[in-house]
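Structure assessment
Read off the chains here:
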Amino acid sequence: MTHALVSSVQSIKRYLKHAESCGVDSASLLTKAKICADTLEDNTNRIPTQNLLTFLQSAIIASKDPCFGLNASRLIQMDTFDILGYIALNCANLREAMEQVMVYESISGTSGVTEIIPFDHQVLIRWKSSVEDPLIQRHSEENVIASWFRYAQKIVNIDDSPSEVWFSHPTPEIENLEIYQTIFHCPVHFDQPYSGILITAEQLETPFPQANRDMLKLLQQQAEQQLQQQETTEQKKPVTQQVNNLIRLMINNSIPSKELIAEQLSVSSRTLQRQLESEGQSYKQLLQKIRQEMAEHYLKNTSLSVETISQKVGFADARSFQRSFKQWTGETPGRNRQKMQKNTV
């Protein structure tokens, strides 16, 4: 069964405020998108993505701002990401914040998903838009990624910059490309395989100054209630996707147990097992798939030794890794690396 994508009221309000600053009549935008102004008074309301898409397309064109999504990120506030932002704010560090985002992200909408992708000694925090329209996808991804960065600096008070910022869309045809470096304080690349923020593994452990465990627990309880309410009318993010993301984030030189993943999802390991089975999966299958995926990535895209790669994907020694890798792929890691590198030449 296919479920409609939805977006948070906060998304509309940010874009609407920026459109108004560009001289666009907000009432006409809402009318064209069939969005009632009263709906925007309650941040718990959800906007069907089709209405958001109509609104965004009209706002981008009417504003005549070639960096509409990017510039709208300047309106970042404490409540920009609703309860998800408050949860992140009270986490101990960026790693824990990302774990929580992956669990509760659908509260803020389902028009895109966050993923963690390892790159050598770095990590790409990716946001993938579920929208296919190239214009809207570009502005949405630029807005979300710039909003992340501004939220970290302005709200969380982390005075740090990413290694690089990537966008999957082509280089925008604008006069002032320097605006991207000005905002992100780092190199920005276009035509990349993903859109996201590239940071070092050490930056995942950056402590959050406002971390509060008691407040975090209270917010998690509220988030669970919101998720349960949404499940009656909307599609919840598949458990498989949540588990995959958590494994990628937590596999840091050791294997996260099913019990640990279940704890992050606020369910028992038995419940997690039943949820995965209902989606035709098992924790063992997902873990093996992610380890293989990460190993193949490191072999193709880095110069790391087989021994180092074996540690990164949770093996005690290189021999065990080589044996398992051959069972997965039918070839040794060395042979796999030669073949993939030859294919990229």
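Above this text is the structure in question.
In what follows, the accompanying structure is described. (Residues numbered from 1 in each chain as written. Predicted model: local features only at pLDDT ≥ 70, side-chain atom pairs only at ≥ 80, totals over all residues. Heavy atoms only, no water.)

In this section: the overall build of the chain. Secondary structure summary: the chain contains 16 helices and seven strands in total. At 21 Å, the chain has a C-alpha radius of gyration in line with the 20 Å of a compact globule built from 345 residues. Projected onto the principal axes, the alpha-carbon positions of the chain cover approximately 65 × 50 × 40 Å. In the chain, once contacts between residues fewer than 6 apart in sequence are set aside, the share between residues at least 24 apart is 69%. Accessible surface, the chain: about 16800 Å² in total, of which carbon and sulfur atoms supply 48%. Across the chain, the mean location of the 34 positive side-chain charges is 7 Å away from that of the 39 negative side-chain charges. (Helix = DSSP H or I, 4+ residues; strand = E, 2+ residues; numbered from the N terminus. Rg over C-alpha atoms; globule rule 2.2 N^0.38 Å. Contact = heavy atoms within 4.5 Å. Areas by Shrake-Rupley, 256 points an atom, 1.4 Å probe, with all protein chains shown as cover. Lys, Arg positive; Asp, Glu negative; His and termini not counted. Charge placed at Lys NZ, Arg CZ, Asp CG, Glu CD.)

A separate point is the packing of aromatic side chains. As enumerated under the stated definition, the model contains 11 aromatic pairs in all. Residues Phe 81 and Tyr 151 carry aromatic rings whose centres are separated by 5.3 Å and whose planes lie at 70° to one another, so their mutual orientation is edge-to-face. Remark: Tyr 151 occurs in helix H7 (residues 134–155) and Phe 81 occurs in the loop between helix H4 (68–72) and helix H5 (82–89); sequence separation between them is 70 residues. The exposure class of Tyr 151 is buried, given its relative accessible area of 5%. Between Phe 315 and Trp 328 the ring centres are 6.0 Å apart and the planes differ by 55°, which places this aromatic pair in the tilted class. Taken together, the positions of Phe 315 in the loop between helix H14 (306–312) and helix H15 (318–329) and Trp 328 in helix H15 put the pair 13 residues apart, joining distant regions of the chain. Members of the aromatic cluster, each reached through a chain of ring pairs, are Phe 149, Phe 167, Tyr 180, Phe 184 and Phe 190. Over the ring of Phe 315 we find Arg 291, and its NZ or CZ is 3.9 Å from the ring centre. (Phe/Tyr/Trp six-rings, centres within 6.5 Å; stacked < 30°, edge-to-face > 60°. Buried < 20%, exposed > 50% of the residue type's maximum accessible area, 1.4 Å probe, protein only. Lys NZ or Arg CZ within 6 Å of the ring centre and 35° of its normal.)

Now for H5. For H5, the buried fraction is high: seven of the eight residues fall into the buried class. Turning to H5, its buried residues are Asp 82, Ile 83, Leu 84, Gly 85, Ile 87, Ala 88 and Leu 89.

Let's shift gears to empty space enclosed by the protein. Which parts of space are left empty comes out when a probe the size of a water molecule is rolled across the atoms. Scanning the entire structure with this criterion turns up two cavities of 30 Å³ or more. Volume-wise, the largest cavity comes out at about 890 Å³. Lining the largest cavity are 49 residues, with Phe 81, Val 101, Val 144, Trp 148 and Phe 149 positioned closest to its centre. A total of eight residues in the lining of the largest cavity trace back to one element, the largest contributor, which is H7. Looking at the lining of the largest cavity residue by residue, the classes come out as 27 nonpolar, 18 polar and four charged. (1 Å grid on protein atoms, 1.4 Å probe; cavity = no way out; pocket = protein on both sides within 12 Å on 5 of 7 lines; lining within 4 Å. Points joined across faces, edges and corners; volume = space filled by probe spheres on them. Nonpolar A, V, L, I, M, F, W, Y, C, P; charged D, E, K, R; others polar.)

Bringing the sheet that holds strand S4 (residues 122–129) into the picture now. Taken in spatial order, the five strands line up as S3-S4-S7-S5-S6 in an open sheet, and their pairing is mixed. Only two strands of the sheet have a single partner each, and these edge strands are strand S3 (112–119) and strand S6 (188–189). Alignment of strand S5 (residues 164–166) against S6, held across two bridges, turns out to be parallel. When the sheet's bridge partners are listed, Trp 166 is paired in S6 with His 189. Packing against the sheet, helix H6 (residues 94–104) makes contact with S3, S4 and strand S7 (196–200), and its axis sits at approximately 140° to S3. (Pairing = 2+ DSSP bridges. Axes fitted to C-alpha atoms, helices over the stretch in contact; angles between N-to-C directions.)

Let us now look at the side chain of Glu 141. Within the secondary structure layout, Glu 141 lies in helix H7. Of the side chains with opposite charge, Arg 126 comes closest to the buried, unpaired Glu 141, at an N-O distance of 6.7 Å. At 2.7 Å, the side chain of Glu 141 forms a polar contact with the side chain of Ser 195. When sequence neighbours within four positions are dropped, the list of residues in contact with Glu 141 reads Trp 127, Lys 128, Ser 129, Phe 167, Ser 168 and Ser 195. (Salt bridge = Lys/Arg side-chain N within 4 Å of Asp/Glu carboxyl O. Polar contact = N/O pair within 3.5 Å; in protein donor to acceptor, adjacent residues only side chain to side chain.)

What follows covers the nonpolar core. Counting 74 residues, the largest nonpolar core has Tyr 180, Phe 184, Val 243, Ile 247 and Ile 261 as its most contacted members. In terms of residue count, helix H13 (residues 283–301) provides more of this core than any other element does, eight residues in total. Not counting the four nearest positions on each side in its chain, Ile 247 is found in contact with Pro 256, Ile 261, Tyr 283, Leu 286, Leu 287 and Ile 290. (Core = buried A, V, L, I, M, F, W, Y, C linked by side-chain atoms within 4.5 Å.)

This part takes up the side chain of Thr 206. Summarising the element assignment, Thr 206 is placed in the loop between S7 and helix H9 (213–231). Only 2.8 Å separates the side chain of Thr 206 from the backbone oxygen of Gln 203, close enough to count as a polar contact. Discounting chain neighbours no more than four positions away, the residues touching Thr 206 are Ala 92, Asn 93, Leu 94 and Ile 158.

On to the pairing of S7. Most of S7 is tucked away: four of the five residues are buried. Inspection of the sheet shows S5 paired to S7 by three bridges, in the antiparallel sense. Paired with Glu 164 across the two strands is Leu 198, which belongs to S7.

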